[in-house]
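Overview (structure and organization)
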Amino acid sequence: MFVIRPSSLTVFFLLFSVNLLDSRTVMGDLGWIAYPKNGWEEIGEVDENYAPIHTYQVCKVMEQNQNNWLLTSWISNEGASRIFIELKFTLRDCNSLPGGLGTCKETFNMYYFESDDEDGRNIKENQYIKIDTIAADESFTELDLGDRVMKLNTEVRDVGPLTKKGFYLAFQDVGACIALVSVRVYYKKCPSVIRNLARFPDTITGADSSQLLEVSGVCVNHSVTDEAPKMHCSAEGEWLVPIGKCLCKAGYEEKNNTCQAPSPVSSVKKGKITKNSISLSWQEPDRPNGIILEYEIKYFEKDQEMSYTIIKSKETTITADGLKPGSAYVFQIRARTAAGYGGFSRRFEFETSPVLAASSDQSQIPIIVVSVTVGVILLAVVIGFLLSGSCCDHGCGWASSLRAVAYPSLTWRCGYSKAKQDPEEEKMHFHNGHIKLPGVRTYIDPHTYEDPNQAVHEFAKEIEASCITIERVIGAGEFGEVCSGRLKLQGKRELPVAIKTLKVGYTEKQRRDFLGEASIMGQFDHPNIIHLEGVVTKSKPVMIVTEYMENGSLDTFLKKNDGQFTVIQLVGMLRGIASGMKYLSDMGYVHRDLAARNILINSNLVCKVSDFGLSRVLEDDPEAAYTTRGGKIPIRWTAPEAIAFRKFTSASDVWSYGIVMWEVMSYGERPYWEMTNQDVIKAVEEGYRLPSPMDCPAALYQLMLDCWQKDRNSRPKFDEIVSMLDKLIRNPSSLKTLVNASSRVSNLLVEHSPVGSGAYRSVGEWLEAIKMGRYTEIFMENGYSSMDAVAQVTLEDLRRLGVTLVGHQKKIMNSLQEMKVQLVNGMVPL
Ligand code: ACK
C-alpha cells in the first residue's frame, strides 16, 4: 500500500509500507496461541464475503490477577530492522461495569521476542520484551453496546533495531475487556525512483527512527555520472536531499527521466567511386525515435583517425570528395532527432579508385603529381582552416569562428535558429581533437565581447516568441515584469517557464544589461543554478526564459512557512545552494549578491542560485546601498573587505553564504534586524557577529561563524562547505546538539550589559510595544519586574513562565537581542 503525503508545501513523495502480516487478509487459521486456554478466545466471525475475521477477545474484568497471553505465529521481518505494528481494538469502559470496578483494567500490554526461526515459540513469557502498554483513546459503554456502535481504536507502535530474521508478538491482558480486531505488521521503505537521471533502488528504512540512509543512484542507460548521485532514505520512507546527478551521454538528450535517441544507422552502401571521391547512401535507422533532422557523417583515412572530417546532411546520400586516390577511408554515420544524436553506425570501409600508371618508366610521375597536388590541397585546407579560425572581421576571436563551424544551419518553425552556414550540407575538420564542442569550464565575462549581442547568442539559444505562452505576471524585475508561462519547442515536451521581459522604451544600455544576465546564466549547467531556456531578441518584447521554480524566492517562501521544515530539509536546501556556489566558484564566477532573495526554490524544495547580472548586479537589488566610494552594495550580506575596498572574491561569496545560512535557519529573518547599515558595518568591524538563530544546530552555527571570519583566507571554501553539510546529512544525530539559549545572545555581544538603560521605562511598556502585553503579569509575578532582570531571560525561562507558543518565544527573544544590539552599537566608537 502507498500513501501520498498531503502537503501544502507541494512536496510529493511516495511513502511505501510493506505488510509483513495483516490479520484481516489471512484466509485460514492464524495459528496464534492463547495461554491460559480460557483467556483470549478467537471469535469465529465472517465478513459479508464469508471470509473469516480474526478477532480475539478477552473480558475477565470481574476476576483478580489476570495474566492472559496471546502469542502470534513467527513473523519474518524480511530484512527490515524497524517494524511498525498497527492494532485496531475496542475496549470496555470500566466505569460502565457495575461491580467490576475494583479489578477491571483499561489497558493491555504488547511484547515481542526475536528469533531466527520458529523455534522461539516455546519460550517463556518473561523472555518477551515489552513494547508498550496500550490504552484506548475511546472506550465503549453499555450504551454503545445497545446502539451497536463500537468505538474502534487504532494504535501504532514501532520496534527496532531488529537483529534476527523474525519475531513473535504477544498481547498480555491483565483484566480488561478487549476485542483485538486486527493486527497489521509492516515496515517502511523508500520506493525505487529515478531522480536526476539516476535510479535509486527500493530501500528499506534504517533501524533508528531519525536515521537517514545514504543511497547511491545508478545512472540510467546512456547517461554518465556528473557528480555521484545520492539520496537519503528517511525513517518515514521519504527520499530526501538529492545530491549529484547523471548526464545524458553526448548525443543523447534527457526526456521523461531517460536518455532516448535514434538507433544507429545500420546499412550503408557505396555509390559512385572515383579516384578522389566516394558516394554513399544509407537507410534511416530502424528506430528513428522521432523525426530525423539531419545526419552526421564522420570519415577519415584508414589508420588516420586523429584527422577526420564531418559532413552534415539532411539527405541519406553524400559524396565525400577531395580524397586520396587508391586509399581506404572509414565512414561512420549517425542520425539526429529533436532528442539529440543517436550512436554512430559501425565503421564502413571503402576505397577510392587508384590512379592507373601510363607505362612502367613513367610510373612515378602521376604519383608524384598526385602527391604534390594532394599535398597542396591539404596545405590549402589546413591554411584555410587556420585562417578561418584566427582571422575574424569583427575581432571576435577564436570563439566565434568555433561557433560558425560548430553550429549547423537549422531553422525550424518552433525552435532555435543558429548561425547561417551552407544550407544542406556542411563540413567540419578536426585535427587531434582541436575543435572541441561543448565543455567550456571557465566563465567568460560577456564584457570581453565588443558586441554584447554576439555574447548573448554565443551562450543563449534564440527562441521564437510563438513558442511561448505567457500566463500571468508573478513579479516585477528591474527591467520589466516577470511572468510565468509555458514553452513549447518542436519535438520537445511543453515546459513551465519563467519569463523576464524588457519593458518598452528601453535604452540600448538597458537592453545590454538585461541580456547580460542571459549571457552569464547560459554558461552554467548545474542542478543548483537556475537554468536558462533561451532568449527572445528578434521580436519585442525582448525576453529571458528560464526554468520555472514553483515556490519562488527562498526568503519569501521561508517566511510563509515559518517553522514548518525539519532541520534535515533546511540543511538540504543549504547543501543545494552550497553546491551551486561551488560550481560557480569553480567556473571562476563571483556572484556578489548571494542572498536568500536571490535563491529560487522549486516544488521539490531544490534551491537554485539565480540573479546574475553585469554592472547592474547590485543596482537592481533593493538591499544594495551606496557606499562612501560610490558603489552599491547589499551591506548586510557583504564581507567587510568587499564593502571597504571592493574586494569581491569567492571568499566574499562565502561570507554571504554564511548570511544565507542564517536566513534559512531563522526562516527568512532579516539579518541584523532593523539596525542601520552604518551600525551593521561598525558592529561587524568591531568583531560582532549575528547570534545563532533559534533552535539552530551548533554545527551549523559554527559553520556560519567560520564563513564570517575576518581573514578571508581562513573562511571555508565552497567545496569544504558542501562536504561538511554532506557529513551532517549523513549523520543527522550530529544536528541534535543545538546552540543553547543563553549562549545564543552572548555570541553577538562581546560585552554583556543590562538592557534597560533607557529604551523602555518598564517591562509592561516593553511587552506592550511588542504586542506581548498578555505576559506582563506573569513576568512581574516571577521576579522579572525590571528591564535589567528581563535582560537575563533565556528561552528555558520563557518556557518555564508558560510562554509556550514558538512565535511568542521568538518575538520576545528577538526583541531582547535587538535591544542589546542597539545598546552595544551605541557603545562602539564611531
Ligand atoms: O518571490 P517570488 O514569487 O519569486 O517573486 C519574485 C518575482 O519573480 C520577481 O523576481 C519570481 N521569479 C523570478 N524568477 C522565477 C523563476 N524562475 N521561477 C519562478 N518565479 C520566479 C520571484
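Just above sits the structure.
This section reports on the structure supplied with the text. Note that the structure is a prediction, hence the values are computed from the model and not measured.

Counting its secondary structure elements, the chain contains 18 helices and 40 strands. The buried share of the chain, taken over its 830 residues, is 50%. Here the chain displays about 39,300 Å² of accessible surface, and carbon together with sulfur accounts for 52% of that area.

Below, the discussion takes up the environment of Q709. Topologically, Q709 is positioned in the loop between helix 11 (698–707) and helix 12 (718–730). Note on Q709: relative accessible area 31%, which makes it partly exposed. Sequence-wise, Q709 and A639 are 70 residues apart; in three dimensions their C-alpha atoms are separated by 9.2 Å. Residue contacts for Q709: discarding those within four places in its chain leaves W655, S714 and R715.

Side chains of D116, D117, E118 and D119 sit close together on the surface and give a patch of like negative charge. Positionally, D119 belongs in the loop between strand 9 (107–115) and strand 10 (129–135).

This part is about the state of the cysteines. Scanning the entire structure with this criterion turns up 5 disulfides. Two residues, C94 and C104, share a disulfide whose sulfurs are 1.8 Å apart. Disulfide C94-C104: torsion about the S-S bond near -75 degrees, hence left-handed. With C94 in the loop between strand 8 (83–91) and strand 9 and C104 in the loop between strand 8 and strand 9, this pair connects stretches of sequence that are 10 residues apart. Of the two residues, C94 and C104, neither departs from the other in class, the shared state being buried. There is a disulfide in this structure between C190 and C233, and the S-S distance comes to 2.1 Å.

Let us look at unusual backbone geometry. Omega for the peptide link from Y35 to P36 comes to -10 degrees, which places this bond in the cis form. Geometrically, the link from K540 to P541 is a cis peptide bond, its omega value of 0 degrees lying close to zero. Relative to the helices and strands, P541 is located in the loop between strand 35 (532–536) and strand 36 (543–547). The backbone of N65 sits at a positive phi, close to 45 degrees, despite the residue not being glycine. Within the secondary structure, N65 is located in the loop between strand 5 (52–59) and strand 6 (68–71). For R592, which is not glycine, the phi dihedral falls at a positive 75 degrees. Relative to the assigned elements, R592 resides in the loop between helix 7 (567–586) and strand 37 (599–601). A relative accessible area of 32% places R592 in the partly exposed class.

Below, the discussion takes up the site of the ligand. Neighbouring residues of the ligand: 14 residues in total, closest A498, T546, E547, M549 and S553. Contacts to the ligand include M549, whose backbone N or O atom sits 2.9 Å from a nitrogen atom. One nitrogen or oxygen atom from the side chain of S553 is found 2.4 Å from an oxygen atom belonging to the ligand. For the ligand, whose accessible area on its own is 450 Å², the fraction buried by protein is 76%.

All right, on to the pattern of salt bridges then. In the structure shown here, the tally under the stated rule is 31 salt bridges. A salt bridge links R730 to E214; the nearest nitrogen and oxygen atoms lie 3.0 Å apart. Of the two residues, R730 is situated in helix 12 and E214 in strand 17 (residues 213–216); the sequence distance between them amounts to 516 residues. A salt bridge links K682 to D679; the nearest nitrogen and oxygen atoms lie 3.1 Å apart. Of the two residues, K682 and D679 are both situated in helix 10 (residues 677–685); the distance of 3 residues between them amounts to about one turn of the helix.

Further remarks concern the sheet that holds strand 14 (residues 193–195). Pairing is antiparallel in the open sheet, where 3 strands are placed in the order 14-15-18. Looking at strand neighbours, the two that pair on one side only are strand 14 and strand 18 (218–219), the edges of this open sheet. Where strand 15 (residues 198–200) and strand 18 come together, 2 bridges link them in antiparallel fashion. The partner of R199 across the bridge, within strand 18, is V218.

Here we come to the sheet that holds strand 23 (residues 268–273). Ordered in space as 23-24-27, the 3 strands form an open sheet in which the pairing is antiparallel. This sheet does not close on itself; its edge strands, each paired only once, are strand 23 and strand 27 (317–320). For this sheet the average axis-to-axis angle between neighbouring strands, irrespective of direction, equals 25 degrees. Two elements, strand 23 and strand 24 (residues 278–282), share 4 bridges in a ladder whose sense is antiparallel. For V268, the partnering residue across the bridge sits in strand 24 and is W282.

Once that is clear, we can look at the nonpolar core. Within the largest apolar cluster, 87 residues are counted, with the highest numbers of intra-cluster contacts made by F524, L554, I577, F612, Y657 and L725. Of the residues forming this core, the biggest block, 10 residues, is contributed by helix 7. Discounting chain neighbours no more than four positions away, the residues touching Y657 are L574, R575, I577, A578, L594, C707, F718, I721 and L725.

Thresholds applied
Residues numbered from 1 in each chain as written. Predicted model: local features only at pLDDT ≥ 70, side-chain atom pairs only at ≥ 80, totals over all residues. Heavy atoms only, no water. Helix = DSSP H or I, 4+ residues; strand = E, 2+ residues; numbered from the N terminus. Buried < 20%, exposed > 50% of the residue type's maximum accessible area, 1.4 Å probe, protein only. Areas by Shrake-Rupley, 256 points an atom, 1.4 Å probe, with all protein chains shown as cover. Contact = heavy atoms within 4.5 Å. Patch = residues over 30% accessible without salt bridge, like charges linked within 9 Å, V, L, I, M, F, W, Y side chains within 5 Å. Salt bridge = Lys/Arg side-chain N within 4 Å of Asp/Glu carboxyl O. Lys, Arg positive; Asp, Glu negative; His and termini not counted. Charge placed at Lys NZ, Arg CZ, Asp CG, Glu CD. Disulfide = S-S within 2.5 Å. Near = heavy atom within 4 Å. Polar contact = N/O pair within 3.5 Å; in protein donor to acceptor, adjacent residues only side chain to side chain. Pairing = 2+ DSSP bridges. Axes fitted to C-alpha atoms, helices over the stretch in contact; angles between N-to-C directions. Core = buried A, V, L, I, M, F, W, Y, C linked by side-chain atoms within 4.5 Å.

Any link to function would need more than the numbers given here.
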